[in-house]
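These are the residues of each chain, in order.
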Amino acid sequence: MPTSTYRLTMASVLILAAGFFTLFINGSGRLAVGLTLRPMVEDMKWTRADIGSAVALFQVASAVAMFFVGTLADRMSLRLLIGGGIAICALGIGLMGYVTEPWHVLVLFGLIYGIGNGGCSTITVGVMVSRAFPGRTGFANGFVTSGMSLGQLLMVAVLAAVLVQIGWRSVYFWVAVAHVVLLPFIFFAVPRMPAAGSAAAAVVRDGMTIREAMGTRRFWMLIGIFAVCGLDDFFVTTHLVAFAQDSGVDQLLAGNLLALMGLAALIGVLLAGAYGDRTGPAWPTAVSFVLRIACFGLVLVENSTASIAIFTLVFGLTFLVTAPLTVLFVRDAFGTKNLGGISGLITMVHHSFGGLGAYIGARIFDSSGSYAIAFAIMLASSVIALILTLMYRGKPEMA
């Protein structure tokens, strides 16, 4: 594990800022569908499965894009990859305000926004930050990932107010504007390639190929852990607001639950990144699954406003925890030679199962009128992930 230190430069500060604001805008923008799910369904006379299908497609498209972009991130300009992803996201999310049929949502959010998200996700940002901060990779990635949490806290709160005042279509317009405004800063702050003599250029690029990594037991344990994490994450973010409203929570308060989750996630990712540098990534991950088991159990026995608020805070502490830890898992086990590609492959599984979680939640609700079975599935899967995490060994398999 790298332990080197280096002088903080203006270039590295700009890289941190670029990563932070990329995830601030893009990470919170994708939550707009969860925020608007119920009003969209009621206005357009659709089913929740119509929206759930689009979220599932988004997860798959984003996941596949992350894998391919991750392999490209090991070899080409991160400025082009991140900037291009933001531009595509702006196009897809902006046109969501004009949808009239379910297939429009599938194309615009599921496919276009999903592909764009792959370019400006935690994979490209994680590779960029890991090159710039080889000695404090966990903390630096925790900091930029906190942009997703702070964006969820601030942007979702603003968007919830927009939703109440001027309708769900306006939410997508303002998310698109935020992406467009970000573009000039990205092209200014993100270097084309690591500068000679920089910390990024000095990182030792050795380790396993993707095929070699896939031949190890630890790789498949990580696949299982991240699959469950994605299943939980996107089930909750897609259905939390609707679940709260179904349980009698006021529309504005229900919308702000996502913002509250962002506040808790801000704390969670910073702690996970800092402790991941000290203890390795497995222990913060195990703690997050223990907390998930507890909060899923809570809402299975009680659906009061207080219990939903507690669920939101506790789950929020675990939400996004694995994002800054992904590069630590991969770096420590498989090296940095294919950091983007292997991280992208693992995150592809995370997001694919996230789409499954969003879709399963919608189908279960449409067939039973309740999310109870879905919450039970999430609890059971979290138990499995906790066992896998506790079985995970901290020492690298590579020589």
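Look a little higher up for the structure.
Residues numbered from 1 in each chain as written. Predicted model: local features only at pLDDT ≥ 70, side-chain atom pairs only at ≥ 80, totals over all residues. Heavy atoms only, no water.

Participant: Help me get a handle on helix 2 (residues 32-44), residues and values and all.
Facilitator: Over its 13 residues, helix 2 runs 17 Å from end to end, which matches the ideal 18 Å to within 8%, given 1.5 Å per residue. Maximal helix bending in helix 2 amounts to about 45°, located at Arg38; proline Pro39 follows within four positions. Burial analysis of helix 2 places 10 of its 13 residues in the buried class, which makes it a mostly covered element. Of all the residues in helix 2, the buried ones are Ala32, Val33, Gly34, Leu35, Thr36, Leu37, Pro39, Met40, Val41 and Met44. Phi turns positive one or two residues past the end of helix 2, at Lys45, with a value near 60°. (Helix = DSSP H or I, 4+ residues; strand = E, 2+ residues; numbered from the N terminus. Expected span 1.5 Å × (residues − 1). Bend = angle between axes of the 7 residues up to and from the residue. Buried < 20%, exposed > 50% of the residue type's maximum accessible area, 1.4 Å probe, protein only.)

Participant: Tell me about the packing of helix 11 (residues 217-246) against helix 12 (residues 251-279), and please be specific about residues and values.
Facilitator: When two helices pack together, their arrangement is given by the angle between the helix axes and the distance between those axes. For the pair helix 11 and helix 12, the least separation of the axes is 8 Å and the interaxial angle reads 150°. The orientation of helix 11 relative to helix 12 falls into the category roughly antiparallel. Relative to helix 12, helix 11 is oriented so that their crossing is right-handed. Contacts from Val236, Thr237, Leu240, Val241, Ala244 and Gln245 of helix 11 reach helix 12 at Gln251, Ala254, Gly255, Leu257, Leu258 and Met261. For the contact of helix 11 with helix 12, the class distribution of residues is eight nonpolar, four polar and no charged. (Axes fitted to C-alpha atoms, helices over the stretch in contact; angles between N-to-C directions. Parallel < 35°, antiparallel > 145°, perpendicular 65-115°, else oblique. Left-handed = near helix turned anticlockwise from the far one by under 90°. Contact = heavy atoms within 4.5 Å. Nonpolar A, V, L, I, M, F, W, Y, C, P; charged D, E, K, R; others polar.)

Participant: Account for unusual backbone geometry, naming residues and giving values.
Facilitator: In this model, Lys45 sits at a positive phi of 60°, which is unusual for a non-glycine residue. Looking at the secondary structure, you find Lys45 in the loop between helix 2 and helix 3 (48-73). Looking at Lys45, the relative accessible area reads 72%, which means it is exposed. Despite not being glycine, Leu320 shows a phi value in the positive range, around 75°. When you line up the elements, Leu320 lands in the loop between helix 14 (305-318) and helix 15 (322-334).

Participant: Let's hear about the environment of Leu258: which residues, and what values?
Facilitator: The topology assignment puts Leu258 in helix 12. Since its relative accessible area comes to 0%, Leu258 is described here as buried. The spatial distance from the C-alpha of Leu258 to the C-alpha of Val156 is 6.7 Å, given a sequence separation of 102 residues. Not counting residues up to four positions away in its chain, the partners in contact with Leu258 are Leu31, Leu35, Gln152, Val156, Thr237, Leu240 and Val241.

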